[in-house]
Amino acid sequence: QLQLVESGGGLVQSGGSLRLSCASSGFTLHYHAVGWFRQAPGKEREGVSCINRSDGSTYYADSVKGRFTISRDNAKNTVYLQMNSLKPEDTAVYYCAADADLYCSGPPIRAPDFGSWGQGTQVTVSS
């Protein structure tokens, strides 16, 4: 059973930073492409970032480019999303997702491409 667990969400002021973690159990995460998504109330789920398994290439939505950084720590079987210069519009539930057969090729980062999902972590940015 593929299991992903997100952590690191919370409440932060505008301009602040958070680092989200996506940890896996039951499989080796570095053999999977991993994506981060977010969903705000009343809005569709948005692909934020993706990191590939083979070459570690990364992609970002235009809305977060230059502010967010996705990375892997293979020794910890964890993928991170470092979020800087946070804005109130970044407020959402953030999900990580993984797929062993996917190679991300750039935005848009599409939710149907990923087979395994975590439960999400809330990020709230106050103005």
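Please refer to the structure placed before this passage.
Residues numbered from 1 in each chain as written. Predicted model: local features only at pLDDT ≥ 70, side-chain atom pairs only at ≥ 80, totals over all residues. Heavy atoms only, no water.

Engineer: Run through the sheet that holds strand S3 (residues 18–25), naming residues and quoting values.
Structural biologist: The four strands lie next to each other as S1-S3-S8-S7, forming an open sheet whose pairing is antiparallel. In this open sheet, the two strands that pair with only one neighbour each are strand S1 (3–7) and strand S7 (68–73). On average, each strand axis in the sheet is tilted by 20 degrees relative to the strand beside it, whichever way the strands run. In terms of strand pairing, S7 meets strand S8 (residues 78–83) through six bridges, oriented antiparallel. Directly across from Thr69, in S8, lies its bridge partner Gln82. (Pairing = 2+ DSSP bridges. Helix = DSSP H or I, 4+ residues; strand = E, 2+ residues; numbered from the N terminus. Axes fitted to C-alpha atoms, helices over the stretch in contact; angles between N-to-C directions.)

Engineer: How would you explain the nonpolar core if you had to name every residue and give the values?
Structural biologist: Ranked by internal contacts, the top residues of the largest apolar core, which has 27 residues, are Trp36, Phe68, Val79, Leu81, Met83 and Tyr94. Put simply, the parts of the chain that give this core at least two residues each are S3, strand S4 (33–39), strand S5 (46–51), S7, S8, strand S9 (92–99) and strand S11 (121–126). The next biggest cluster of nonpolar side chains, apart from the first, holds eight residues, and it includes Phe37, Cys50, Leu102 and Phe114. (Core = buried A, V, L, I, M, F, W, Y, C linked by side-chain atoms within 4.5 Å. Buried < 20%, exposed > 50% of the residue type's maximum accessible area, 1.4 Å probe, protein only.)

In short, the description is geometric, and any link to function would need to be established separately.
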